[in-house]
There are 2 protein chains.
Amino acid sequence: MPLRSLLLLLCGFGLALANPSCPASKPGMLNVHLVCHTHDDVGWLKTVDQYYYGAKNDIQMAGVQYILDSVVRALLEDPNKKFIYVESAFFFRWWDEQTEGMQKAVKDLVTRGQLEFINGGWCMNDEGGAHYNAIIDQMTLGMVKLNQTFGRAGHPTIAWQIDPFGHSREQASLFAQMGFEALFFGRLDHDDKSNRWRHKTMEMVWEGSQNLGKSAWLFTGVLPNGYGPPSGFCFDINCRDEPIMDDPRLHDYNVDQKVDDFLKAAEDQAKGYASDHIIMTMGEDFNYQSGDMWYKNLDKLIWHVNARQENGSKVNVFYSTPSCYLKALHDAGLTWPTKSDDFFPYASGNHSYWTGYFTSRPTLKGYVRKTNNFLQAVKQAASVLGMGQDPRLERLKEAMGVLQHHDAVSGTAKQHVTNDYSERLSQGVSESFQMMTEAYSTLNAAEGGDEGGPEAAIVFCPLLNVSSCPASEASEAFTVTLYNPLARPRSFHARVPVPGGVGYKVTDQQGHAVVSQLVPVPDAVLQLPGRNSSATFELVFLAQDIPPLGLLQFHVQRTANLLFQKEQMSQILRPERGVKDIEVNLGDQGLAVLLDKDTGLLKSIGVVRPDGITMIKVNQTYLWYAGMSGNNSQEEFRASGAYIFRPDGAHAKPVAAAANVTIVQGPLVAEIHQVWTPWVSQVIRVYKEELALEMEWLVGPIPIKDGIGKEVVSRVIWPDISTNGTFYTDANGREMIKRVKNYRPTWQLHNVEPVAGNYYPVNSRLVISGGPDFQAALMNDRSQGGTSLDDGHMELMLHRRLLHDDAFGVGEPLNETAFGEGLVARGKLFLLHSDFASDDCDFGCLHRSLGEKLMLEPVISFIATTKPAHVWRSSVNAKWSAVTRSLPANVHLLTLEPFGTDALLLRLEHMYEAGESKQHSQPASVDLKGLLADWEVTSAVETTLAADLRKEDLHRYEWKVSSTSRQSNMIPRTQRNASGDTEKDLVVSLQPMEIRTFILTVKKLSP
Amino acid sequence: MPLRSLLLLLCGFGLALANPSCPASKPGMLNVHLVCHTHDDVGWLKTVDQYYYGAKNDIQMAGVQYILDSVVRALLEDPNKKFIYVESAFFFRWWDEQTEGMQKAVKDLVTRGQLEFINGGWCMNDEGGAHYNAIIDQMTLGMVKLNQTFGRAGHPTIAWQIDPFGHSREQASLFAQMGFEALFFGRLDHDDKSNRWRHKTMEMVWEGSQNLGKSAWLFTGVLPNGYGPPSGFCFDINCRDEPIMDDPRLHDYNVDQKVDDFLKAAEDQAKGYASDHIIMTMGEDFNYQSGDMWYKNLDKLIWHVNARQENGSKVNVFYSTPSCYLKALHDAGLTWPTKSDDFFPYASGNHSYWTGYFTSRPTLKGYVRKTNNFLQAVKQAASVLGMGQDPRLERLKEAMGVLQHHDAVSGTAKQHVTNDYSERLSQGVSESFQMMTEAYSTLNAAEGGDEGGPEAAIVFCPLLNVSSCPASEASEAFTVTLYNPLARPRSFHARVPVPGGVGYKVTDQQGHAVVSQLVPVPDAVLQLPGRNSSATFELVFLAQDIPPLGLLQFHVQRTANLLFQKEQMSQILRPERGVKDIEVNLGDQGLAVLLDKDTGLLKSIGVVRPDGITMIKVNQTYLWYAGMSGNNSQEEFRASGAYIFRPDGAHAKPVAAAANVTIVQGPLVAEIHQVWTPWVSQVIRVYKEELALEMEWLVGPIPIKDGIGKEVVSRVIWPDISTNGTFYTDANGREMIKRVKNYRPTWQLHNVEPVAGNYYPVNSRLVISGGPDFQAALMNDRSQGGTSLDDGHMELMLHRRLLHDDAFGVGEPLNETAFGEGLVARGKLFLLHSDFASDDCDFGCLHRSLGEKLMLEPVISFIATTKPAHVWRSSVNAKWSAVTRSLPANVHLLTLEPFGTDALLLRLEHMYEAGESKQHSQPASVDLKGLLADWEVTSAVETTLAADLRKEDLHRYEWKVSSTSRQSNMIPRTQRNASGDTEKDLVVSLQPMEIRTFILTVKKLSP
């Protein structure tokens, strides 16, 4: 074959391989990929609905419906034009309004690669405050819908986190597992960026997991200019840059200057990047409402810039997409640097650490986490009871999808938008309460009412967090139902708000009396503004062994028996100050706590063991940082605000030197009620059977009459322990990541904000290690910012109230109020120590298993009844489980939800990291066969993490890297056939931290 | 034939007549015509180019290119949608950028009636400050282009003056003559509007002329809401009203409320209107940049509002246009009220009389008028020399078109925009100078240079108004060429700026010496900031009998002959104050002037007659009103500004009690140089052969250091004359209209602004009448505001300098500066009195013929030469005329311009009103045959006034009216066959005030 023919053949082959929808680049030139895009916040300054419709344009001129209208029109008119769209929450709202003809046309655009979905989740989620469970859910919600609507063409291949304020390694790992080819983002520490620009390492391969190897690798690119266009080239109706004025007869002709400017911008940008391709993001927040403005000017720009090639210009510019850009990078065959830590914290300037939002709006963050708990339970119930994709469930999923947005759970939206977010959660939860009610009826677990109506009056009490529940407060008798969303049995101390002056008999489903204790509600809670409840006590009892994915019911009956009441009542002690240290424990098991005699504060803790108690010194205090005031006119005058944490001074002030202490003790729980100030109080709890110190904090209304905003932290100090500035925080509730004070692994940090610059997001736990025998974990119930500023310190920020905006757009100081006062927040921290470990459960097991329990607590509901316990017991199904057996102790049932008709979406997660637990960091396996009590699994198709692509259809690019990081925590992986093993025998094996996703076809077993 | 068939036939006939593009209305319902429109100022806050491109959006978010892009797209997508477009200046800029395919599509839209051109002129012209010559030109420019592009479908039938600040009867008359069916506008006096609303007389038939009868009738509608939508229904991207939010699942659903609001708005509006149709203008300034927003919400609104009909609603709403609305009104067969005065002045509130803009920016207004003069001359030259539609001429026409905009010549644009306007005029004029140069070369009139280059160095001196001209100042010898754009010979006193210390010999084309006089330039002019000239004198000579449409050249040679110089030099007298009154006259003819001995001010005037001089008492003074300061927060705090004239107090303060006087006298002219203050001076001139008192004023820099804005007027007072508050002002330079102080003909005026509320636009003259023997006219050289506040008073405002914005949008105080000081303006007034009349020329003849002369003065140019006079005389064509004969004394050649190839546009105007002049108010006739010296007129097709429609194709609606006004000035009209008489014999007959428009086909005669 002559050489020429061979070349032609090769060229033909090359052409055949090329993505036909990607524009041709010119070798030897600087190829500029113009990416037309809009960044549509799923709520921020306006609510998500206001943004969709373009309402309240006095706040911000933004209407997403018009963006999609106008862009689609432009794309249909010109096949050369391209656009990417991110937020499925908006897209599907628009889609549902279109005619069939328009839907068909849009499908063609997607197939032709003109309209490319990118990210594809319900929103562009926050990475600091979002929990991995919610991230996976929200991505799945969007991506599955795209898949169902557009098929494979709708599968997003690029993750696009252009606006979130810092980037999590776990997010990268999850994206990789979802099959994304690459991630692009806009925000990283300004010094990190300059450094990368200088070294042309703006693009890299991110090793997203220290456990999962290449399957968690993700090509990652830092965008050159946030997500905006080069200066002077924003052609949106919201922009003020000059348009291309190309009629030389008219005044203001500016084409030559514009082209010069563009060529310079392109050449400047090329300096920071390794290949001869660069990407320019031609869009901004809510751009393209009048898309024609952008496209018309870009058309002219492209034409005039490329026309310069005739005069020797080496710049070639065209419409492209990130996936086409990525393909060009891949085709370039370069070797790329790697990254194995994360991009937290994000500092946009020396004094602007975006670490405030890790804590901003703690009640919203708590509500989101609580709702995730509830959502998982409802999805499970809907799955095992065959309720299918109920629209009410979809709305709750959508609400949670919206809440993961990087201005939602982040706490950085305006107050009115935050109110709307809360309302969404509330509506979603309320509707799902109905579903749970129906589920209980189906199970005959709800027939509690005497009237025998078709549906029992099941009451879910969303205000249990302020010890308020009308059902339990007003009824002579009621049942308490606990649904356990874990795939293993668990015990749980139920706490039921009740009035005092009477006793309560608790009976289990076997008719046995259950030990219970009446605990007084702390004064600070009783006095909460807006609390409308007659409950002055909480009735505590242990719900023992609630079945996996199952429910357990108890009967509670008021009794006037004074003796009974007296026995049930907790002992109340008010120790005299300064006499002697106060030791609190429950005698034969559980934890022991020692309080300082002078201050009433925690002094040491230990475990009650048969051989006695070894106490470990530990202090815990509340402090506050003064939020910096400032007009933000210069970086030095930056104020602490919704995004930014900037304390005025490096040292936090103690809220109080001492606390008033009341000891409340009984058979089940010992509580230390501490009142520090009128606006900070705490309950420290020691439950008989639990080896975790519970600290329930109540903070607010934070006083601001002194004109000082305050940021309140809880700090645990282990004296005499050296931690060398090292601590560990979880990433989105999954893998732990090492932090070192005043240090960044990949560049030289010059930190002038000694506190804020060391804050990191803590979604579930902060861990320190003081040598082989000392490990401690501080677990939380919502995302918070945390750090360790000194040896043995563990610090979490609980609440913030500030008087200045930080000038990053939200335009309001973070000054939450309710009932005319500063907002009060209440939440829990849990303290664990390696000394609490046992042969059965090492330290890794301690925090992982507690983490799982906190993530998915039992869902409690109440039914008023007049039936006595024995009648109730015979009339309802008071104990039930959806599974025939528990999952292994190291496997977490991450997802079980209806997936279309006769199918379920299942995710199993190995919940340990390699090396974290001797017992539990081993591979696990789960046999799906016979697992569900009422359903036969007829097939299991493994998919990528977001369930929109069969695992066997995933073929990601390979990237050459310069080096890979030491992954010391990794244990060797056994080789496994990636596809199909489960299809044969339905046995799922899992390596540490592995999540496997399946679509199960199921068939109802005959009863 | 059975009755039923007959009915069917009639119905069929009715249907056949209906405009198929108009939407069907529903009888028995209130039919709401939604008119989608945009109001695109041809410059205001931004320049016309900035508006077109959408540049400088920081000033105002407005980009016309996107409006047309987006609207056309919307219309193409949905045949139910309609849009109207007004400004041809913008439309054709856009049109020229479109592909052929798009042009074809737009033609279809126009043909289908979806896109309707409305008004169709180059701009929506000002009605207060625009001269009829320029109005006709700018309308013709747009409408002819529309005709050439879209044929008959492009002919606008509706005049649409929605924004101008007051409405002129002459404008209505011109529109009627252009064939418009109706006029709609938005602004009228607020009390007039309430009155009309109450009486359902918002719509009427306007009798536009007191001379022209029904041909000047125009159906006129006042729009209900300015030109905006009802409150709450502005859906533009620039608006902040809430969109229709129609998804009940989402938060903020508002459809029911919106529909309720709309129905209420419609019913409220119907109260002011007579028929069961109402019009709603759905648009505002620069709306529809993102047209989809408007249309999408209107689609929803229409759907939901009409859906209410099922529930009994009697409101029917649809997309419509003003022409469809008008058709519905016509079909209603109602009888309409009439109107025979005008809508001046416009008051938007008790203290907001929009009468300041009649004078605002006097130098711009003067420049516009001067440029009209030049434009007419260039068009004539291009016509008779066969230069065709030269692009340079087109640009000047376009510049003048732009300048007629209601924020251009009105003086109400921002300063930077005003600068751009001036630059446009300057560029247009400069380019046309080239054309005149080429014309002169063609005529061999320009061979003045010795070098014998291909083109002579012809210099037009645009700074003659400050007595500056490099050509005449620097040359030992030069020629002076005067082109006379009148169709009759005229004489003209040329004034040539020259240095002193030397004499100047003037020679005519026959070799005769011409009497000349050296007049010193007043000190105030010599000291003008920015004046850069060596001329200290003006050489005055009489250019006798410049031929009609022709030129006459003179030779000027410096001479050192001292005797000659001495004879030529004016005598200078500085009369002693207080000794005796100073009489100034030129001896045997012309005017005589008497100055008061104490003040030096005008005391009386008279005509020098063989039988002596009868002096008439008349004073003239300069005064200033203090412009009201105010923050405009309420109507009482309205400030005087670019739009608003609001003096602080009813009495103007004299600029000075007396003036320093210098008398300058010679053989041709006597001048009284008065210096009133350093910022007000005046030259009163008496020319030997002219019976008009010329008063050249120079005002500025108006001092503002006292913090007081000042509005300077010239007031002429005829003592002892009673005028009973009555005076007359011209309408746009044509018909006179009667004004009565503190009175409006059609409603009860409660005037709380005794000065501003009596100001009216004066485009050319203000006339008073004090009985059968007393009539006086004050003529001006540009548009000004004027009034008569007391018996015998004639007052014109000359200049304004203000320190506050008046809060009607321009956002700047009217504080013009130049060279670091307040702007100096210079202009001329001319005073006529019935006593100056003669048997040959009565008072009507005096002011009409002077008016024509001021409107079209000779165009002067200069050529430096070294040839002595006798050589020059033999080498050039120093006298030439394009016509073989003059037009009759009462016929004005209004237009002669190239019209495509081998055709000319000709307009002849009878320049007298009926009864105005005994000699000249008679019918006239003009024979076109043989009129042009070098061209044979082979045919003449009469058209409507804007030349876009054959007269014979015009068929306007007939309207039933309740009464017609007495038209006392009208003389009976002879019946004439409207079409075709000229086609036969080329003889054009004209009735008083009639304008007839012809497209002449011409053929060049062999030389």
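Residues numbered from 1 in each chain as written. Chains lettered and ligands numbered in written order. Predicted model: local features only at pLDDT ≥ 70, side-chain atom pairs only at ≥ 80, totals over all residues. Heavy atoms only, no water.

## Some details on the overall build of chain A
The secondary structure content of chain A amounts to 20 helices and 53 strands. Scaling as 2.2 N^0.38, a compact globule of 1007 residues should have a C-alpha radius of gyration of about 30 Å, and chain A matches this with 29 Å. The principal-axis extents of the C-alpha atoms in chain A amount to approximately 100 × 65 × 55 Å. Evaluated residue by residue, chain A yields a buried proportion of 65% over its 1007 residues. Accessible surface, chain A as shown: approximately 34400 Å² in total, 52% of it carbon and sulfur. (Helix = DSSP H or I, 4+ residues; strand = E, 2+ residues; numbered from the N terminus. Rg over C-alpha atoms; globule rule 2.2 N^0.38 Å. Buried < 20%, exposed > 50% of the residue type's maximum accessible area, 1.4 Å probe, protein only. Areas by Shrake-Rupley, 256 points an atom, 1.4 Å probe, with all protein chains shown as cover.)

## Thoughts on the state of the cysteines
Enumeration according to the criterion identifies 8 disulfides over all chains in this entry. In this model, A:Cys22 is linked to A:Cys324 through a disulfide, with the two sulfur atoms separated by 2.0 Å. Torsion about the S-S bond of the A:Cys22 and A:Cys324 cystine: about -90°, corresponding to left-handed handedness. Highlighted residues: A:Cys22 in the loop between helix 1 (3-17) and strand 1 (30-36) and A:Cys324 in helix 11 (residues 322-331), separated in sequence by 302 residues. Cysteine pairing for chain A, with bonded cysteines counted in sequence order: 1-4, 2-3, 5-6, 7-8. Just so you know, B:Cys36 is unpaired, no disulfide at all, and the nearest cysteine sulfur is the one on B:Cys234, 11 Å from it. (Disulfide = S-S within 2.5 Å.)

## Describing unusual backbone geometry
Residues and elements named next belong to chain A. Note the cis peptide between Phe 344 and Pro 345, where omega equals -15°. Within the fold, Pro 345 resides in the loop between strand 11 (338-339) and strand 12 (347-349). The phi torsion at Asp 720 lies on the positive side, around 70°, for a residue other than glycine. Judged by relative accessible area, Asp 720 falls into the exposed class, the value being 71%. A positive phi angle is found at Asp 902, which is not glycine, with a value near 55°.

## Describing the relation of the copies chain B and chain A
Between chain B and chain A, which share one sequence, the superposing operator has a rotation angle of 180° and an axial displacement of 0.1 Å; the RMSD is 0.1 Å. The superposition of one copy onto the other is thereby described by a two-fold rotation axis. When each C-alpha of chain B is compared by its distance to the rotation axis, B:Ser290 comes out closest, at 2.5 Å. A share of 100% of interface residues in chain B that are also interface residues in chain A marks the association as one of identical surfaces. (Least-squares fit on C-alpha atoms with pLDDT ≥ 70 in both. Contact = heavy atoms within 4.5 Å.)

## Digging into the interface of chain B and chain A
Listed as interface residues are 43 residues of chain B and, on the opposing side, 43 residues of chain A. Taken together, both faces of the contact between chain B and chain A bury some 3700 Å²; the carbon and sulfur share is 48%. At the boundary of chain B with chain A, the tally comes to 8 salt bridges. When the shortest N-O distance is used, the salt bridge between A:Glu242 and B:Lys56 registers 2.9 Å. Summed over the shared surface of chain B and chain A, the result is 28 residue pairs in polar contact (both at pLDDT 80 or more). (Buried area = accessible area lost by both parts, 1.4 Å probe. Salt bridge = Lys/Arg side-chain N within 4 Å of Asp/Glu carboxyl O. Polar contact = N/O pair within 3.5 Å; in protein donor to acceptor, adjacent residues only side chain to side chain.)

## As for the sheet that holds strand 28 (residues 619-626) of chain A
Residues and elements named next belong to chain A. In spatial order, the strands read 29-28-34-41-40-37; together these 6 strands make up an open sheet with antiparallel pairing. If you trace the sheet from one side to the other, it starts and ends with strand 29 (653-654) and strand 37 (760-762), each paired once. As paired strands, strand 40 (residues 784-787) and strand 41 (residues 793-801) are joined by 2 bridges and run antiparallel to one another. Bridged to Gly 786 within strand 41 is Leu 796. (Pairing = 2+ DSSP bridges.)

## Things to note about the nonpolar core
Membership of the largest hydrophobic core comes to 257 residues, with the highest contact counts inside it found for B:Phe91, B:Trp160 and B:Trp718. Not counting chain neighbours up to four residues away, the residues in contact with B:Trp160 comprise B:Val35, B:His37, B:Ile84, B:Val86, B:Ile118, B:Asn119, B:Met124, B:Leu183, B:Phe184, B:Leu223, B:Thr281 and B:Pro322. (Core = buried A, V, L, I, M, F, W, Y, C linked by side-chain atoms within 4.5 Å.)

## Quick look at helix 6 (residues 132-150) of chain B
Residues and elements named next belong to chain B. For helix 6, with 19 residues, the first-to-last C-alpha span of 26 Å sits near the 27 Å given by 1.5 Å per residue. Of all 19 residues in helix 6, 16 are buried; the element is thus mostly enclosed. At the exit of helix 6 stands Gly 151, carrying a positive phi of roughly 65°. (Expected span 1.5 Å × (residues − 1).)

## Digging into the sheet that holds strand 19 (residues 516-520) of chain A
All names here are of chain A. Read across the sheet, 3 strands follow the order 16-20-19 without closing on themselves; strand pairing throughout is antiparallel. Looking at the sheet topology across the chains shown, the edges are occupied by strand 16 (490-498) and strand 19. In this sheet, adjacent strand axes meet at a mean angle of 30° when their direction is disregarded. Bridge analysis of strand 16 against strand 20 (residues 537-546) gives 8 bridges, and the strand direction is antiparallel. Counted as the bridge partner of Pro 497 is Glu 538 from strand 20. (Axes fitted to C-alpha atoms, helices over the stretch in contact; angles between N-to-C directions.)

## Brief notes about the side chain of B:Glu431
Within the fold, B:Glu431 resides in helix 14 (residues 415-442). With residues up to four places along the chain from it excluded, the contact list for B:Glu431 reads B:Arg392 and B:Arg395.

## Considering the packing of aromatic side chains
Residue and element names in this part refer to chain A. Taken as a whole and judged by the stated rule, the model has 94 aromatic pairs over all chains. Seen in terms of ring centroids, Phe 185 and Phe 343 are 4.8 Å apart; in terms of plane orientation they differ by 65°. Their pairing is edge-to-face. Of this pair, Phe 185 sits in strand 5 (residues 182-185) while Phe 343 sits in the loop between strand 11 and strand 12, placing them 158 residues apart in sequence. Summarising the burial analysis for this pair, Phe 185 and Phe 343 share the class buried. Consider the rings of Trp 336 and Trp 959, whose centres lie 6.3 Å apart with planes at 80°: the pair is edge-to-face. With a gap of 623 residues between them, Trp 336 in strand 10 (residues 335-336) and Trp 959 in the loop between strand 50 (935-943) and strand 51 (960-961) connect regions that are remote in the sequence. (Phe/Tyr/Trp six-rings, centres within 6.5 Å; stacked < 30°, edge-to-face > 60°.)

## A word on helix 9 (residues 255-270) of chain B
Residues and elements named next belong to chain B. Counted at 1.5 Å a residue, the expected span for helix 9 with its 16 residues is 22 Å, and the 22 Å between its end C-alpha atoms agrees. When we look at burial in helix 9, the residues that qualify are Val 255, Lys 258, Val 259, Phe 262, Leu 263, Ala 265, Ala 266, Gln 269 and Ala 270. All buried residues of helix 9 fall inside an arc of 160° around its axis, so they share one side. In this fold, the buried residues of helix 9 make contact with strand 1 (30-36), helix 8 (190-199), strand 8 (277-282), helix 10 (291-307) and strand 9 (315-320). (Arc of directions from axis to C-beta.)

## Thoughts on the packing of helix 4 (residues 88-97) of chain A against helix 5 (residues 100-111) of chain A
Residue and element names in this part refer to chain A. Two elements in contact, helix 4 and helix 5, have axes whose closest approach is 8 Å; the angle formed by their N-to-C orientations is 135°. With respect to helix 5, the element helix 4 is oriented oblique. Touching Phe 91, Trp 94 and Trp 95 of helix 4 are Met 102, Gln 103, Val 106 and Lys 107, all from helix 5. Residue composition of the contact of helix 4 with helix 5, by class: 5 nonpolar, 1 polar and 1 charged. (Parallel < 35°, antiparallel > 145°, perpendicular 65-115°, else oblique. Nonpolar A, V, L, I, M, F, W, Y, C, P; charged D, E, K, R; others polar.)

## Comments concerning the side chain of B:Thr895
Residues and elements named next belong to chain B. Tracing the backbone shows Thr 895 in strand 47 (residues 891-898). Within the structure, the side chain of Thr 895 is placed 2.8 Å from the side chain of Arg 907, a separation counted as a polar contact. The residues contacting Thr 895, other than those within four sequence positions of it, are Asp 137, Lys 379, Leu 905, Leu 906 and Arg 907.

## Looking at the environment of B:Gly232
Residues and elements named next belong to chain B. With respect to the element layout, Gly 232 can be found in the loop between strand 7 (217-222) and helix 9. A C-alpha to C-alpha distance of 26 Å links Gly 232 and Ser 352, two positions 120 residues apart in sequence. Residue contacts for Gly 232: discarding those within four places in its chain leaves Asp 241 and Lys 258.

## Side note on the packing of helix 6 (residues 132-150) of chain A against helix 13 (residues 391-403) of chain A
Two packed helices can be described by the angle between their axes and the distance between those axes. Residues and elements named next belong to chain A. Two elements in contact, helix 6 and helix 13, have axes separated by 9 Å at closest approach and are oriented at 115°. Remark: the crossing between helix 6 and helix 13 carries left-handed chirality. Of helix 13, the residues touching helix 6 (which contributes Ala 134, Gln 138, Leu 141 and Lys 145) are Glu 394, Lys 397, Glu 398, Met 400 and Gly 401. (Left-handed = near helix turned anticlockwise from the far one by under 90°.)

## A short note on the confidence of the model for chain A
Residues and elements named next belong to chain A. Overall, the prediction assigns chain A a mean pLDDT of 93, with 95% of residues at 70 or greater. The low-confidence segment residues 1-18, where pLDDT is below 50, has 3 contacts with residues more than four positions distant or belonging to other chains. Every residue in residues 968-982 scores below 50 in pLDDT, and together they form 34 contacts with partners more than four places removed in sequence or on other chains. For this predicted complex, the interface score ipTM comes out at 0.88, while the overall pTM is 0.91. (pLDDT = per-residue confidence, 0-100.)

## Some words on the pattern of salt bridges
Residue and element names in this part refer to chain B. Following the criterion strictly, the structure yields 116 salt bridges over all chains and no others. With its nearest N and O atoms 2.5 Å apart, the salt bridge here joins Lys 327 to Asp 331. Taken as a pair, Lys 327 and Asp 331 lie in helix 11 (residues 322-331) at a separation of 4 residues, close to a single helical turn. Assessed through its relative accessible area of 15%, Lys 327 is described here as buried. With a shortest N-O distance of 2.6 Å, Arg 495 and Glu 538 are connected by a salt bridge. With Arg 495 in strand 16 (residues 490-498) and Glu 538 in strand 20 (residues 537-546), the pair connects residues that are 43 residues apart, well separated along the chain. The class for Arg 495 is buried, based on a relative accessible area of 11%.

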